[in-house]
Amino acid sequence: MMSPFTVAIDGPAAAGKGTISKEVAVHFDLAHLDTGLLYRAVGARMLRGEDPTAAAQTLVASDLENPELRTADVAQAASKVAVIPEVRAALLNFQRAFARRSGGAVLDGRDIGTVICPRAEVKLFVTASAEVRAQRRLSELQERGFDTDLETVLADVKARDDRDMTRADAPLRPAGDAVTIDTSELSIGEAVAQAIAAVKVRCD
Ligand code: C5P
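Residues numbered from 1 in each chain as written. Predicted model: local features only at pLDDT ≥ 70, side-chain atom pairs only at ≥ 80, totals over all residues. Heavy atoms only, no water.

### Here's the deal with the overall build of the protein chain
Within the protein chain, the secondary structure is distributed over 9 helices and 5 strands. Taken from the N to the C terminus, the helices and strands of the protein chain come in the order β-α-β-α-α-α-α-β-α-β-α-α-β-α. Over its C-alpha trace the protein chain gives a radius of gyration of 16 Å, about what one expects of a compact globule, namely 17 Å for 204 residues. Projecting the C-alpha coordinates of the protein chain onto the three principal axes gives extents of approximately 50 × 35 × 30 Å. (Helix = DSSP H or I, 4+ residues; strand = E, 2+ residues; numbered from the N terminus. Rg over C-alpha atoms; globule rule 2.2 N^0.38 Å.)

What follows is the structure, encoded as structure tokens:
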């Protein structure tokens, strides 16, 4: 595969981006960055009382290892700090440098194909209905021992979608040249196979 080679994978919460991104990265031997973790790390520091912009400007690798980053509270905090243009600006260069590393990279998030890497060699938009996404997130949270229900998770997913899609700076939307994969009715294996096929078209 030519390098640098960037695969940009965007989409709403719990659509399957994370799994697809990891599998695509392994399949093509590319580095992977889950950019949501950066916003979650800033959100977690805001919940501890820090100014979000200052937190984004001083983020360090150990911030990304905080086990609380996967909680629902941190997810909501992440989508709140993500509307702040100064927070997004502070995280931009790191993401762009990662995207162009030699050997190639897969980045997943909300604005990778539109803002971070508008010239990515491959752009995928991974989506699914809000109900399917909420059900998947519920199973994931229950497996990790969180006590919650579908109604709460669906409301959380919709609140986050709304904030991500309506913000002025880098709203969630498919890039004009993105390949959309709707995973509502696909197994993980089928979704991954579609993503791998879409990448192959661009690198053969
Ligand atoms: O992908 P994940 O659910 O971990 O992202 C958490 C939040 O971070 C999203 O709801 C979104 O508000 C924000 N985010 C973003 N841009 C990205 C990745 C995540 O605004 N590239």
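Still more to cover.
### A few points about the site of the ligand
Around the ligand, a shell composed of 14 residues is seen, among which Arg40, Arg88, Arg110, Arg160 and Asp164 lie nearest. At 2.8 Å, a side-chain N or O of arginine 160 approaches an oxygen atom of the ligand. Aspartate 164 places a polar side-chain atom, nitrogen or oxygen, 2.5 Å from an oxygen atom of the ligand. Notes on the ligand: free accessible area 460 Å², of which the protein chains cover 97%. When contributions to the shell around the ligand are tallied by element, the ones reaching two or more residues are helix 2 (36–47), helix 4 (72–81) and helix 8 (150–166). Tallied by class, residues from the shell around the ligand come to 3 nonpolar, 4 polar and 7 charged. (Near = heavy atom within 4 Å. Polar contact = N/O pair within 3.5 Å; in protein donor to acceptor, adjacent residues only side chain to side chain. Areas by Shrake-Rupley, 256 points an atom, 1.4 Å probe, with all protein chains shown as cover. Nonpolar A, V, L, I, M, F, W, Y, C, P; charged D, E, K, R; others polar.)

### Quick word on helix 2
Its 12 residues place the ends of helix 2 16 Å apart at the C-alpha level, agreeing with the 16 Å of an ideal helix rising 1.5 Å per residue. Judged by how many residues are buried, helix 2 sits mostly within the fold: 9 of 12 residues are covered. Those residues of helix 2 not exposed but buried are Leu37, Leu38, Tyr39, Arg40, Ala41, Val42, Gly43, Ala44 and Arg45. Against strand 2 (31–34), helix 3 (52–57), helix 4, helix 5 (85–99), helix 7 (130–143) and helix 8 lie the buried residues of helix 2. Note on helix 2: the residue one or two positions beyond its end, glycine 49, has a positive phi of about 100°. (Expected span 1.5 Å × (residues − 1). Buried < 20%, exposed > 50% of the residue type's maximum accessible area, 1.4 Å probe, protein only. Contact = heavy atoms within 4.5 Å.)

### Describing the packing of helix 2 against helix 4
Two elements in contact, helix 2 and helix 4, have axes whose closest approach is 7 Å; the angle formed by their N-to-C orientations is 100°. Here helix 2 is positioned roughly perpendicular relative to helix 4, judged by the angle of their axes. Facing helix 2, whose interface residues are Tyr39, Arg40, Val42, Gly43, Ala44, Met46 and Leu47, helix 4 presents Asp73, Val74, Ala75, Ala77, Ala78 and Val81. Here the residues of the contact of helix 2 with helix 4 sort into 10 nonpolar, 1 polar and 2 charged. (Axes fitted to C-alpha atoms, helices over the stretch in contact; angles between N-to-C directions. Parallel < 35°, antiparallel > 145°, perpendicular 65-115°, else oblique.)

### Remarks on the pattern of salt bridges
For the coordinates displayed, the defined rule picks out 11 salt bridges. Linking glutamate 50 and arginine 45 is a salt bridge whose minimum nitrogen-to-oxygen distance equals 2.8 Å. Judged by its relative accessible area of 31%, glutamate 50 is partly exposed. With its nearest N and O atoms 3.2 Å apart, the salt bridge here joins arginine 110 to aspartate 164. Of this pair, arginine 110 sits in the loop between strand 3 (105–109) and helix 6 (112–116) while aspartate 164 sits in helix 8, and the two are 54 residues apart along the sequence. There is no split in this pair, since arginine 110 and aspartate 164 are both buried. (Salt bridge = Lys/Arg side-chain N within 4 Å of Asp/Glu carboxyl O.)

### Brief notes about the packing of aromatic side chains
Following the criterion strictly, the structure yields 1 aromatic pair and no others. Aromatic pair phenylalanine 94 and phenylalanine 98: ring centres 6.5 Å apart, planes at 50°, arrangement tilted. Taken together, the residues phenylalanine 94 and phenylalanine 98, both in helix 5 and 4 residues apart, mark about one turn of the helix. According to the relative accessible area criterion, phenylalanine 98 is buried, its value standing at 11%. (Phe/Tyr/Trp six-rings, centres within 6.5 Å; stacked < 30°, edge-to-face > 60°.)

Keep in mind these numbers describe shape, not what the thing actually does.
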